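Observations on the three-dimensional arrangement
As a plain string of letters, each chain reads:
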Amino acid sequence: MPKHFRPAGKKKEGNAAKYITRTKAVNYLQVSLAIFRKLCILKGVFPRQPKKKVEGNHKTYYHMKDIAFLAHDPLIEKFRQIKVHRKKVKKAIAKKNRDLADRLLNRPPTYKLDRLVLERYPTFVDALRDLDDCLTMVHLFAALPAVDGERIEVKRIHNCRRLSHEWQAYISRTHALRKTFISVKGIYYQAEVQGQKITWLTPHALQQVLTDDVDFNVMLTFLEFYETLLGFVNFKLYHSINVNYPPILDPRLEALAAVLYSVPELYALCRYMSTGSGRAIGNSDSGGVNEKESGAIKENEDGNNKASAKTDESELRLAQLQHQLPSNEPGALMHLVEESTAVDTDDDETKECKSLFKNLKFYLSREVPRESLLFIIPAFGGTVSWEGEGAPFNEIDEDITHQIVDRPTQSHVFLSREYVQPQWVFDCVNARIILPTDGYLVGRVPPPHLSPFVDNDAEGYIPEYAETIKRLQAAARNEVLPLPGDEDLDNSLVAAMMDRTESNEAAEKKRKLEMLEKQYHDELKMEIDGVTFSNLSNKKPDKSQDTMDKDDAKSDHEDEKKQAEKDNDDISTALMSRRKRGLYKAMEIGRERKQDKVELLKKRKKNADSSASAKRR
Amino acid sequence: MGHSDGEHQLEGDDLSADDASWSDGVWSEDDDEGSLSFEGSGSGSGSDADSDEAAAAAEESDSSEDEVAPRNTVGDVPLEWYKEEEHIGYDIDGRKIKKRDREGRIEAYLKNADDAKNWRKIYDEYNDEEVQITKEEAKIISRLLKGKTPHGNVDPYPDYVDWFEYEDKGHPLSSAPEPKRRFVPSKWEQKKVVKLVRAIRNGWIKFDKPKEENNLYLLWGDETDTAENKRHGLSYIPAPKPNLPGHEESYNPSVEFIPTQEEIDSYQLMYEEDRPKFIPKRFECLRSVPAYEKALREGFDRCLDLYLCPRTRKKRINIDPESLKPKLPSKKDLRPYPKTCYLEFKGHMGPVTSISVEITGQWLASGSCDGTIRVWEVETGRCVKVWNVGGDVRRIAWNPLPERPILAAIVGHDLLLINAEVGSEEVQMRAKELLKIDEMAPQDDTDGKKPAVRWMKHEKLDGITLIHHKAVSNVEWHFKGDYFTTVVPSGDTRAVLLHQLTKKHSHHPFRKLPGLPVAATFHPTQKMFFVATKKFVQVYDLQKAQLVKKLESGLREISSISIHPGGDNVIVGSKDGKLCWFDTDLSTRPYKALKIHSKDITNVTFHRKYPLFASSSEDCTAYVCHGMVYSDLNQNPLIVPLEILRGHSSSDGRGVLDCKFHPKQPWLFTAGADSVIRLYCD
C-alpha cells in the first residue's frame, strides 16, 4: 500500500491526528462532561490552538497527548468509583437498607491531590509562579458567607480562611510584602517570595453577595486544587523558617477568633510563628545541628537579657514569654524574635520594608478594616493593637504614635499621637517612606490613592500626587538623619552618594542633550545657509530669490522641521514589505491611542483645576 | 293516575298507610321511606285506581320501580307538539286531557305567599300539574346532591360475614410432616454471616468514620535541577496573569481619572466590546466603599479563562517600531543626488506640461498649456527662445543627437518638429535641411481610410507637422536620433507609430496590443521596443518583429515608463501612486513596488549616468531614489529612497507634471502645474 493512501477511518497525520475536539475527547475517555471538566481543572489540562483547525473553527481542541495524559491518570478510575459509590448509596436507600447506606456514606472513596500538585509544579518556584490565582480564589472564598445548607460547605470556607491567614502570617513575618493597593474591587497585595512577585486580591471585609450566575461546581473544583496547593506551599514556607506546620494556635485566641470573625486569628498566628520559630531553633539546638548558628542566636538572646541559654528550658521560657509579653511588653517579643532570627540573607528591599514602621505603634479604631491593617503593619515592622478583646494593648497606652480612624470626627483626642485615615498606611507602604500626615487627618478628604502597579513614566502621565511623593522620597533620602545603628548610617550614606552620582549623571546627560539639540539647530541653519552659499560660490547669485528663500525658511522653520521628520518617516516606510508596514502602522496606532489617553487625562486635569480655582474665587 | 293537588293532599295520610302495608317486603327496615316513595301511587281517582294498582303491581314484580305511571300517555314526544292544542295528551282510556287554565301571576303569587309549603312544589309539565315533594323526598334529593346514597340507612360497607365454618371440620389443607429445614440452622445464612465476619475481621467492612488525617508534608524537597524535577509531557503554557490595577481602579482616584457624566453617557454610543468595562468612581473615605458586587463573577470568569481558553504561545513583539524600518545605507554614501532647489525657471503663463533637456545639458526645452515652447539656458535660467505654437503643448522631446537640435513637440493633437535654433551655424543649417519637406500629394489614399500620419510643412515655424488621425499622447526619440515613435492611445491597430526623420516616413508595426497603449520607448542600446499598455509592458524585438516579453505590473493604470540605461531594468509609474521596478532578467513581475506617492505619478525617469531615478507626482512632490544596478547578475538592484523634493505648489489639483534629469550632472528638473520649472541640485 503506498504511504499516502489511507483507508477511511484509519490513522491520520498532522493536525488531524494531533488534536482532538472536546466532544471526541469526552467520548474517548468514556466519562461524562462534568467529570471531564473536573479532570481538566485538576490536572491543569487546557485546550490548545492548533495551526489548522481540522474539524471547524468554532470548536475547542485538546492535544491528543494531553488527553492520553488524562486517560492514564488514576483519578479517572477514582471518579468512576465515586460514581459507583453514589449509585450504591442510592440503591441502599431505595431498598430501605439504612444500615448499609450509613456504612457506605461513612466511607466514601476519597482521593488526594498531592501527586497532582507535584506533577504540575515539579519545583517550588513553579508553584510560587502560579500562585496568584490560587491566592485570589482562596481569599475570595474566605470572605464568602459561611451559610449552612448552601452548596459551599462551611468547613471549606473555614479552611480557606485558615489557609489565607497562614499565608498572610508568613508574608508578614518574613516582611515579604511589597505593595498594597485599595481598589474598588478589594485590596491588592504584592509580595515577593523567593524572587517571585505574587499579587493577590482580597475582597473588602464585607458581606459578599452570592450570585447565581456562576457555576459553583467549577469554582469548587478549582478551589479544591487551590486549597491543596496552598496547604503544601504554606507547609514548605513554614518549614523554610523553621516553624511547625500546621500551626497549633493559642486556644484562648482561637476561641476569640471563632467569635470575632477571624480578626485576632491572624494575630494569633503571628504570635505562634514568632514563638514557634524560637521553639524550632531550640529543638535544632538540642539536636546538635547548626550548633554554631544557634550559639550565635543564644548570644543575641543573652545580649537582650531575655533568656538563659539552657536548651531544656528554652521551650518553657518561650511559652512563658508568649503568655506574658503581650500584656506588658508588646513589641518585645517581635523584637526578640527578629533579633534572634536575623538572617543575613535578607536583601536590601526586605530590610527597607522591615524598618519602615520600626518605631511606630499603631492603634486601630473599631471601624477600620482590621484584617488588612493587622497584616500590613507588622509586615513593615510596626506594632499594632485594636479595639476589642484579645488586644495586646489598649487605647490609653502612651506609646501609641498613630491611631488609625475612619470616622468624620474624633471626640476624645490624645495629643501624643496622630489620628490618621487608613489610606495613610497604604500610601506609606507604597512610597516606602513615612509620609506627612497632614492630608490624612481625621475628617479630611485624603489625597488620591494611586496604584503602585503603574509605571507612570512608561504610561506617559504622572499624576500630581505621584510627583509629590517622588519629591518627598527624594527629600527623605537626602535629609535622612543618621539613625542609631551603623547599618542605617551606611545605607543612608550610600543612598545619598548614589543620589548624588545619579543627579550628576542626569545633569551631564541633560547638558549633552542640549548640546546635541543646539548642534542640530545650527546644522539646520547651516544647511539652509550652505545651500545658498554653494549657490553663491558656484553659480551666478540670484539675490532676491535667495533672500526670499531665507525668509521663508525662517518663518516656516518649524513646519519644515516637521515636514523633514515626516519625510524621513515616509522614506523609510516606502521600502518596507507590506506586512512590516502594517505592523509599523499598528504600532503607530497603539502609540497614538496611548497618547490620546494621556491627552484626555491632561484635559480633565486642566478642567478640574480651572473649576477648582473658579470655586475658590 | 291523574290526580289533582287537592286530592293528593287530602288523601296523603291513609294512602301512605296503605302503601306501607304492601311495600313492606321490599324495604324491610324503613316503613316511612316506603310510604314516601309511593305517596302519589294510589292517588288515582275513581276508576283509575284499580288499573293503577295493577300496573304498580306489575312493575313492582320485575323491579323496585316505585313510580306511578303518569296520567298522560303521549309518551316521550316533544311537548311543544301540544303547544297549540287545548289538551296535553290522552289518558289511559284515550280521552283527551284538557289543559288547565293558566293562573294569573298575581293569583299564583298570592297562593304561594299563603302556602308555607310552596318551596316544595314543582310543576310537572308533562302531566300539567303541580307536584308537592314530601320532606323525605327533599331529603333524598339533598343526599343525592351531596353524592351520598339516597337512603340514610343504607350501609355501603357492611361487615363481611363468612358463613363457612372451617374449624374442626377434619379437612386439613396439607398433611405433610414438618421438614427438617425447619429445625436446622440455614446453611446459606451461615455462609453469608461467615462472609461478613471475615470481611469485618479483615477490615474490608468498617463501621467507624475514617479519621481526618493531616496529609500535608514537605512536598518539594531539595531544589536541584534533576530530571525528576522537570515537568513531563507537552510544554506548559502558563496562563497570562490577570491585569494589575491601574490608578483608575483606586477607591479614591485622582480627579482626572473620573470620567465626566457626558463621557459616561457617550459610552452608550460605543460598541459593546469597545466600552470600558470599569467606570472609575471616587469614595470620600474607606468606610464608604461597598462590597464589590461582581467579585464572585469575576473570579468565576477567571476560572473559565483558565480551563476553557485555548492557549498558544504568541510572540509579543516588544520592539521599537523604528527597528522595523529596513537598514538602508547612509544617504551620505549615496551622494551626489539632487536635494535642494537651486534655480527656478519662470516665464510660462500656464502649467508646464513637459520638459526636455538637450543631450549636452546646455539647453532645456519646455512646453506649456499657454501655447508656448520655450528654450532655456540651464546654467543661467535665461529664456533663450519662445515659440508661440498656438495650442497646448502636451509633450516635448529633444533629439538625442547633439548635432541635430530638433525638438519634437505634441501640440494640440498633432506632432510638431521644429528647429531649436541653438548651436553653431552649421548645425542649424543641417537641421534646417532635415526639416525641409516637399509638399507631397496625399500618400496612401488607396485604401480609402484616413492615413495614420501625414507629414506636412509647418508654414509659420519653419518645421514639420505630423498630422495624426487621432490625438497623440506621447513622443520618444530613438537614441540614434533618426527614428522616433508616437503613441495614439485611441488608435486601435495604428496606436503606436514609428517615424523616420531622414526619410519622412511612418509606419505602424503593432497591430494588436493588450489594452490601450500609454507610452512607448526605445531600448537605449539594442533594437528593442517597449510599449506600455494600461496593465502590461510589452517588449518587442524590432529586428525580428516579435514579442519578447510581457511584464505584468499588477498596477491599476500605468502612466509612464522609463528604461535603465543598461536596458535590463524598467521602472513604471502608475496612476495609483505606485512605482514598480522590473528586473527583466529576473522575472516578468515587479522586483520591487514602492508606494511612495499619494496621487498619480506623472513621470518616472532614470539618470543616464548616475544610479538615480526619480518620479514626479500630482501630490506636488518628486521622489529621488538611488537605484544601483550591479553588473553581477546574482546581485539584486539596490533601491534606496533618498529625498522628497517639495517646492511646487498645487494648482487646479495638479502638482508636478514632469521631471527630467540633467544628462551629465546629478540634477533634476521638475515642471510644475504652477508654471514654474525647478532645478534641484546636490
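Residues numbered from 1 in each chain as written. Chains lettered and ligands numbered in written order. Predicted model: local features only at pLDDT ≥ 70, side-chain atom pairs only at ≥ 80, totals over all residues. Heavy atoms only, no water.

When its secondary structure is counted, chain A shows 25 helices and nine strands. Scored against the burial criterion, the 617 residues of chain A give a buried share of 44%. Within chain A, residue pairs in contact and separated by at least 24 positions form 63% of the contacts whose partners lie at least 6 positions apart. Carbon and sulfur atoms make up 52% of the accessible area of chain A, which amounts to about 34200 Å² in all. (Helix = DSSP H or I, 4+ residues; strand = E, 2+ residues; numbered from the N terminus. Buried < 20%, exposed > 50% of the residue type's maximum accessible area, 1.4 Å probe, protein only. Contact = heavy atoms within 4.5 Å. Areas by Shrake-Rupley, 256 points an atom, 1.4 Å probe, with all protein chains shown as cover.)

Applying the stated criterion to the full structure yields 34 aromatic pairs over all chains. Judged by centre distance (5.4 Å) and plane angle (80°), the ring pair of A:Phe36 and A:Tyr62 falls under edge-to-face. On the criterion of sequence distance, the pair formed by A:Phe36 in helix α3 (residues 33-43) and A:Tyr62 in strand β2 (residues 61-63) is long-range, its members being 26 residues apart. For A:Tyr62, a relative accessible area of 2% translates into the label buried. For the ring pair A:Phe357 and A:Trp424, a centre distance of 6.3 Å and an interplane angle of 25° mean the geometry is stacked. Of this pair, A:Phe357 sits in the loop between α17 (348-354) and β6 (361-364) while A:Trp424 sits in helix α19 (residues 422-431), and the two are 67 residues apart along the sequence. Three or more aromatic residues link up through ring pairs in this structure, and these residues are A:Tyr121, A:Phe222, A:Phe225, A:Tyr226 and B:Tyr307. Lying over the aromatic face of A:Phe225, A:Arg120 brings its terminal NZ or CZ to 4.1 Å of the ring centre. Seen from the ring of A:Phe124, A:Lys236 lies directly overhead, with NZ or CZ sitting 5.7 Å from the centre. (Phe/Tyr/Trp six-rings, centres within 6.5 Å; stacked < 30°, edge-to-face > 60°. Lys NZ or Arg CZ within 6 Å of the ring centre and 35° of its normal.)

The next subject is the pairing of strand β19 (residues 517-522) of chain B. Residue and element names in this part refer to chain B. Burial within β19 is extensive, with six of its six residues counted as buried. Pairing geometry for β19 and strand β20 (residues 528-533), over five bridges, is antiparallel. Residue pairing for β20: Ala520 is matched across the bridge by Val531. Hairpin connection of β19 to β20: five residues between the antiparallel strands. (Pairing = 2+ DSSP bridges.)

Along the chain, the position of A:Ser451 falls in the loop between α19 and α20 (456-459). A:Ser451 sits in the buried class, given a relative accessible area of 4%. In terms of polar contacts, A:Ser451 uses its side chain to reach the backbone amide nitrogen of A:Phe453, at 3.1 Å. There is a polar contact of 2.7 Å between the side chain of A:Ser451 and the backbone oxygen of B:Pro245. With residues near it in sequence (within four places) discarded, A:Ser451 still touches A:Phe181, B:Pro245, B:Gly246 and B:His247. (Polar contact = N/O pair within 3.5 Å; in protein donor to acceptor, adjacent residues only side chain to side chain.)

What follows deals with a negative patch on the surface. Side chains of A:Asp455, A:Asp457, A:Glu459 and B:Glu248 sit close together on the surface and give a patch of like negative charge. Along the chain, A:Glu459 turns up in helix α20. (Patch = residues over 30% accessible without salt bridge, like charges linked within 9 Å, V, L, I, M, F, W, Y side chains within 5 Å. Salt bridge = Lys/Arg side-chain N within 4 Å of Asp/Glu carboxyl O. Lys, Arg positive; Asp, Glu negative; His and termini not counted. Charge placed at Lys NZ, Arg CZ, Asp CG, Glu CD.)

On to the side chain of A:Asp114. Note that A:Asp114 resides in helix α7 (residues 114-120). Buried charge without a partner: A:Asp114 forms no salt bridge, and the closest opposite charge is A:Lys112, 5.6 Å away.

Don't take any of this as a statement about function, it's just geometry.
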